[in-house]
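An overview of the molecular structure
Here are the chains, one letter per residue:
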Amino acid sequence: MLVAMNPSIGIATLNAKFIHSSLSLRYLRNAARRAGFQNVWIQEFIIYQPVWKIAAEILKRKPDILGLSIYIWNRKQSFELLEYLQKQSPDLKIVLGGPEVSFEPELPSNYTLIAGEGENKWVEYLNFVAKGETPSLEVLRRWNTYGNDLPDLHPPYIEEDYPALQNRYAYIEASRGCPYLCSFCLSALDKKVRYFDDGEIRHQISRLIETGTHKIKFVDRTFNLQPKRMMNLMRWLTQFEGTEFHFEVVGDLLNDDMMRFLATVPQGMFQFEIGVQTTTEDVQETIHRKQSNTKLFKTIETLIQQDRIHLHCDLIFGLPGETLDELLESFTEVLKLKPHELQLGFLKFLPGAPIRDQIESHEYRYLSFPPYELLSHKNLSAEEVRFLKQFAEVFDLFYNTQRFQFSLDHLFQTQPPVEVFKKLMAAFEREDIVLKGLSLDHQYRIFAETFNSDADPLAWDLLQLDYLIHQRSYRLPEFMRKRLASNGSSRVKTWDGDRKTMVVPFRHTLEWQGREPKLTPAPSPVYYAVAHPETGSGYISRPRIERVGV
């Protein structure tokens, strides 16, 4: 088939959620247009949409050439889509790219593969097609090689993008590449770090915010490689009140000047994701991770005390040589620092990642399909991994949601955190709810029963406060209201400030002390309304605690 002089060129992907968006599509579209191809369009779908409908929507545009961007979260659906497209439109020329196909061992015959950063290779492919030429096997092999033909860096967004990104996450890069060599990460293959133009970055962020985007995530692997550049950009970003910005940073690279600056930024505007991964030093050496635990922990502790930055930390379970006791020790050490979130991930054997070289020596077993997740290794049995999966699920539910923040802090003063979550796991087993969804009220009831909160006035007040603060609710759950009724407080009173918020009796006086409430025993019940603003913004948002005379 001869492709038209002005071919219809589509680029598509399947995002994990509707609120997500794809940078790669926009980079590839812009590269094609800069090369003179005019009829270039993008389409974004989500993985939960029926694949036949996605195929129909794509074919409705009558593409001559189609690029598909494939990732760990959409590989299955993307290859199902590929089959639909190839069989429903046999003349359609299809190119696959993205991390999930950047390390395919063999070249296919029914579509073209592009590995790594694809802008230059994509344009080269389009030029071959426009000339009616077939790329040689040597060219196809070069396209299928990661880390070569690196493009010049251009901004991703153009005017037609901004309306579609309203109320969605917008992703942006200030740099590409990573100087670190962590063996579990594809960034270990990058040879150098390159930087985008600061002026272009700022222009794009300004336009995104002007047109209704209020959540922007920088996807740089290490945003703080150049501290002065980072500080200047973050200082400039502080003008955009009501917008949230997310960055991945290396914690032990945050110097004293940067820490002093971070103490001055607006509360809740910025979120840092800091990868700890493990605190076991010989495991850090095995995975080629350079990390000063002492400096890192001091940095995290200071950021939490400053109470300006929302802190998300990461650990990886299943790293080579790490036993169950060692990884639970890493977990305990990091949790003591009280990050706002602690993601417990499991080692993934991503295609192309250097960690695959250790599969045999550490006797790894893992899933052969996405997410390529560990099942066991010689120091961590399959039974221990199953325990950790349930542990991580319970931890997410009770810690990372922040629904039980104050109650958990109270328990951790007398009980080891691992034992606290083991008790909650046991409660799930007793009630046979491991595979069932739980309502919020049920979660709080299970927590109260597991730790006998009813018998401790401080524990009960903290649990009430957790519910009222973290649920943005006007009422307590039924089991808590029953306790009020048994104490002679059956009539629900509402706060005069909004006529909706429930007035609740406490056995302590309440006041905010930094990020935590201070509770002081009171001789008789004290009544409070926990009043939330109509709309909340930012990563850190705290309601008012109003004392009410009854």
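Let us look at the structure shown here. (Residues numbered from 1 in each chain as written. Predicted model: local features only at pLDDT ≥ 70, side-chain atom pairs only at ≥ 80, totals over all residues. Heavy atoms only, no water.)

1. With respect to unusual backbone geometry
- In this chain, Pro 370 is followed by Pro 371 through a cis amide linkage whose omega measures 15°.
- Here Pro 371 shows up in the loop between strand 14 (365-366) and strand 15 (374-376).
- Phi is positive for Lys 62, close to 55°, though the residue is something other than glycine.
- Relative accessible area serves as the criterion here: at 66%, Lys 62 is assigned to the exposed category.
- Here the phi dihedral of Gln 402 falls at roughly 65°; this positive angle occurs in a residue that is not glycine.
- As for its placement among the helices and strands, Gln 402 is situated in the loop between helix 12 (382-400) and helix 13 (405-412).
- Of the residues examined, Gln 402 reaches a relative accessible area of 22% and is grouped as partly exposed. (Helix = DSSP H or I, 4+ residues; strand = E, 2+ residues; numbered from the N terminus. Buried < 20%, exposed > 50% of the residue type's maximum accessible area, 1.4 Å probe, protein only.)

2. Some remarks on empty space enclosed by the protein
- Using the criterion set out here, one finds five cavities of 30 Å³ or more in the structure.
- Considering each element in turn, the lining of the largest cavity owes the most residues, three residues, to helix 13.
- Each residue belonging to the lining of the largest cavity can be placed in one class, and the counts come to three nonpolar, three polar and three charged.
- In this structure, the second largest cavity spans a volume of roughly 80 Å³.
- Every residue lining the second largest cavity is listed: Ala 174, Ser 175, Tyr 195, Asp 198, Asp 220, Thr 222, Phe 223, Leu 225, Gln 226, Arg 229, Met 230 and Leu 233.
- Per-class residue counts for the lining of the second largest cavity are six nonpolar, three polar and three charged. (1 Å grid on protein atoms, 1.4 Å probe; cavity = no way out; pocket = protein on both sides within 12 Å on 5 of 7 lines; lining within 4 Å. Points joined across faces, edges and corners; volume = space filled by probe spheres on them. Nonpolar A, V, L, I, M, F, W, Y, C, P; charged D, E, K, R; others polar.)

3. Some remarks on the pattern of salt bridges
- Counted under the stated rule, the structure contains 30 salt bridges.
- For the salt bridge of Arg 194 with Glu 117, the shortest nitrogen-to-oxygen distance reads 2.8 Å. Of the two residues, Arg 194 is situated in strand 8 (residues 194-195) and Glu 117 in the loop between strand 5 (112-113) and helix 4 (119-130); the sequence distance between them amounts to 77 residues. (Salt bridge = Lys/Arg side-chain N within 4 Å of Asp/Glu carboxyl O.)

4. Thoughts on the sheet that holds strand 19 (residues 544-548)
- Taken in spatial order, the four strands line up as 16-17-18-19 in an open sheet, and their pairing is antiparallel. Each end of this open sheet is capped by a strand with a single partner; those strands are strand 16 (493-494) and strand 19.
- Pairing geometry for strand 16 and strand 17 (residues 502-513), over two bridges, is antiparallel. Bridge assignment links Thr 494 to a residue of strand 17, and that residue is Met 502.
- Against the sheet, helix 16 (residues 457-470) makes contact with strand 17, strand 18 (516-531) and strand 19, and its axis sits at roughly 95° relative to strand 17, the strand it touches most. (Pairing = 2+ DSSP bridges. Contact = heavy atoms within 4.5 Å. Axes fitted to C-alpha atoms, helices over the stretch in contact; angles between N-to-C directions.)

5. What to know about the nonpolar core
- Among the nonpolar cores identified, the biggest contains 124 residues, and Ile 205, Phe 218, Phe 245, Phe 272 and Phe 421 are the most heavily contacted of them.
- Per-element accounting of this core gives the leading share, nine residues, to helix 12.
- Counting 20 residues, the second largest nonpolar core, distinct from the first, contains Ile 58, Leu 68, Leu 82 and Ile 94. (Core = buried A, V, L, I, M, F, W, Y, C linked by side-chain atoms within 4.5 Å.)

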